[in-house]
Amino acid sequence: MIKKYLKHRKKLLENEIEKIEELSEMSQVSIKQIDAQINNLKNEIDESSEMLSVSVRNNMSKKQDEVENMEDSKKDTYDQIDKYAKEIAEKMKEIKTINECLSQLDGVNVSRETFKKTPAEQVPMSSQAERTVDQSLKTKLNFCKGLVGVDDIRAKMELDKIIKEIK
């Protein structure tokens, strides 16, 4: 059951990594598109040839603002790619841990439904009963120990009971 869970978790993580890698690739394509648009806009901005015209200067100013906005968008996209890389690294670390756990579990049957003790591991019933009696005896003796200072007559009666039970 544990192996089944670990394998399922590993598969989920691998699927998440694939999705994140696709998003990262899409972001990289987006950066290339932004670069191309910036280059186009910069090529359109020709300050020296149309410097005297007011309408052209306003238009150049708008294009310059657009370039700055695209640069900001490009920086945000790079930041997002970094986040994707960190997320992938975390998931890869978890997959590594899962793989280590799976390798430790190889050959070990830990399923609650199928786990059975080998005959060497089974404790005989008489031994279990003795442990229960020993535990009960310890509890009674501790009770008597506490009674000795307070009520020594009651402690003596309890000790007599314990002696009779042991015989």
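See the structure printed just above.
Remember, it's a predicted structure, so these values are computed and weren't measured experimentally. For every chain, the first residue of the written sequence is number 1, and numbering continues from 1 onward in sequence order. With pLDDT at 70 or above as the cut-off, local features in this predicted model cover only qualifying residues; side-chain atom pairs require 80 or more to be listed or tallied, and sums for whole chains, interfaces and linings still use all residues. Note that the side-chain values use all heavy atoms of the structure and ignore hydrogens as well as water.

1. Looking at the overall build of the chain
Reasoning step 1: In DSSP terms, a helix is any run of H or I states spanning at least four residues, a strand is any run of E spanning at least two, and both are numbered starting from the N terminus. Of regular secondary structure, the chain possesses four helices and zero strands.
Reasoning step 2: Listing each helix as α and each strand as β along the chain from the N terminus yields α-α-α-α.
Reasoning step 3: Each residue gets one of three labels from its accessible area relative to the maximum for its type: buried under 20%, exposed over 50%, partly exposed in between, using a 1.4 Å probe on protein chains only. In the chain, buried positions account for 19% of the 167 residues.
Reasoning step 4: Considering only intrachain contacts with a sequence separation of at least 6, the fraction spanning at least 24 residues in the chain is 72%.
Reasoning step 5: Methods summary: accessible areas were calculated by the Shrake-Rupley approach with a probe of 1.4 Å, and residue burial reflects only the protein chains presented. For the chain, the accessible area works out to roughly 13500 Å², and carbon and sulfur atoms hold 53% of it. Contact definition: two residues touch when any of their heavy atoms are within 4.5 Å.

2. Points about helix α1 (residues 2–44)
Reasoning step 1: Here α1 is 43 residues long and its end C-alpha atoms lie 63 Å apart, about the 63 Å a rise of 1.5 Å per residue gives.
Reasoning step 2: Those residues of α1 not exposed but buried are Leu6, Leu13, Ile17, Ile20, Ser24, Ser27, Ile31, Ile34, Ile38 and Leu41. Multiplying 1.5 Å by the helix residue count minus one yields the expected span of that helix.

3. Considerations on the environment of Thr77
Reasoning step 1: Positionally, Thr77 belongs in helix α2 (residues 54–105).
Reasoning step 2: Since its relative accessible area comes to 13%, Thr77 is described here as buried.
Reasoning step 3: Taking the C-alpha atoms as reference points, Thr77 and Ser27, separated by 50 residues in sequence, lie 6.3 Å from one another.
Reasoning step 4: Contact partners of Thr77, with chain neighbours within four places excluded, come to Ser27, Ile31 and Ile34.

Read these as spatial facts, not as claims about activity.
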